[in-house]
Amino acid sequence: MDYLSVIQKLNTCHGPSGDERQIAATLRHMAEPYADECWTDTMGNLIVHKKGTGPKVMFAAHMDSIGLIATHIDKDGYISFGKLGGIHPESILHTPFRFRNGVYGVVSRRQNVEMKNITLQDLYLDIGAKDEYHARSLVQVGDTAVSCMPAYSLGTRIAGPYLDNRISCAAILEALGLIRAHTSDLYFVFTAQEELGLRGSKPAAYNIDPDYGIVVDVTVARELDDLQKGTSVLGCGAAIKVMDSSVICHPEMVEVLEKTALSSDIPCQRDVLKSGGTDGGSIHLSRAGVITGGISVPCRYVHSPVEMVEVSDVSAVAHLIAEFSMKTL
């Protein structure tokens, strides 16, 4: 799969947490050829079903992104904003954003604030408006915006915005094309509102009531020798989750994922995160509980406009998803 092309296509969609309609429609178009049925639920989750007679297995990859929401338009036409998900001021300063209606803006800072003290409240969007009246003809309070930085290739790596978690969506799309004979009843869920607190996956898991849950997400890759950032390393394969701040994965799931990877010659490593959560946090608590694990794509510079992944790791994740899907559980 040409992951860069897929990411570029997905990132043209407007899909911040709470408004995933465009990204869901695009993913549905790409996934439908491999599905027995597809539907979107009340929360906006996209469910892709490959029917089987065995246990229910739910794969979950969130399709929403972090973003900005307009909160105030001042007399000069500058737009104050709030955040949708985890956004850091130093990561978005002087970068372009795009509103749903196609209006562009650049993030700037108020000049009376020193860089060392900067917060999101000190930033604003400049959309090129002449004054408040002009700005209000283009953008309304409550409108949302997403990063429009480009995604590009860096040799064997890809960099750009929203690899968290569009790169995992791409891995699932590839896995769907690799799955052949299977007995498990497979549900591939592209979840909504993960960045706002794992909101979409909770009702999805309740409705599907799976026997097994596997979350596919990015994980913070270790940078240089900073062990505080995570245990996974770019280029060392699929990161099999042991724990993060939202879930301790079921030991049996960790074991079966590792055995599946090793028996299929899929490079893998272990993923232990001291902070940061995934949809596994809500899935494993659904109903009477779900045996839950995770397969992660190591990623640098998470929640910035220049996230970075290694293509071979994404391929390893896709193949591990496919191999697990074809196992007899």
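Please read all numbers here as calculations on a predicted model, not as lab measurements.

A. Structural context of the state of the cysteines. On inspection of all chains with the given rule, the structure shows 0 disulfides. In this structure Cys-13 is a free cysteine whose sulfur lies 11 Å from that of Cys-169, the closest cysteine sulfur available. Overall, Cys-13 belongs to the buried group, its relative accessible area being 7%. In this structure Cys-148 is not part of a disulfide, and its nearest cysteine sulfur, from Cys-13, lies 14 Å away.

B. Structural context of helix α7 (residues 251–263). Spanning 13 residues, α7 covers 18 Å between terminal C-alpha atoms, matching the ideal 18 Å at 1.5 Å per step. Taken together, the buried positions of α7 are occupied by Met-253, Val-254, Leu-257, Glu-258, Thr-260 and Ala-261. An end-on view of α7 places all buried positions within 160 degrees of arc, on one side of the element. In α7, the exposed positions angled more than 90 degrees off the buried face are occupied by Pro-251, Glu-252, Lys-259, Leu-262 and Ser-263. Buried residues belonging to α7 abut β13 (212–220), β14 (238–243), β15 (268–272), β16 (291–299) and α9 (311–325). Backbone geometry just downstream of α7 places Asp-265 in the positive-phi region, at approximately 55 degrees.

C. Fine view of the pattern of salt bridges. Under the definition given, this model contains 11 salt bridges. Asp-19 is the partner of Arg-100 in a salt bridge, and the nearest nitrogen-oxygen pair spans 3.2 Å. On the criterion of sequence distance, the pair formed by Arg-100 in the loop between β6 (96–99) and β7 (104–109) and Asp-19 in the loop between α1 (3–11) and α2 (21–31) is long-range, its members being 81 residues apart. For Asp-19, a relative accessible area of 13% translates into the label buried. Glu-258 serves as the salt-bridge partner of Arg-270, at 2.6 Å between the closest nitrogen and oxygen. Of this pair, Arg-270 sits in strand β15 while Glu-258 sits in helix α7, and the two are 12 residues apart along the sequence.

Definitions and cut-offs
- Residues numbered from 1 in each chain as written.
- Predicted model: local features only at pLDDT ≥ 70, side-chain atom pairs only at ≥ 80, totals over all residues.
- Heavy atoms only, no water.
- Disulfide = S-S within 2.5 Å.
- Buried < 20%, exposed > 50% of the residue type's maximum accessible area, 1.4 Å probe, protein only.
- Helix = DSSP H or I, 4+ residues; strand = E, 2+ residues; numbered from the N terminus.
- Expected span 1.5 Å × (residues − 1).
- Arc of directions from axis to C-beta.
- Contact = heavy atoms within 4.5 Å.
- Salt bridge = Lys/Arg side-chain N within 4 Å of Asp/Glu carboxyl O.

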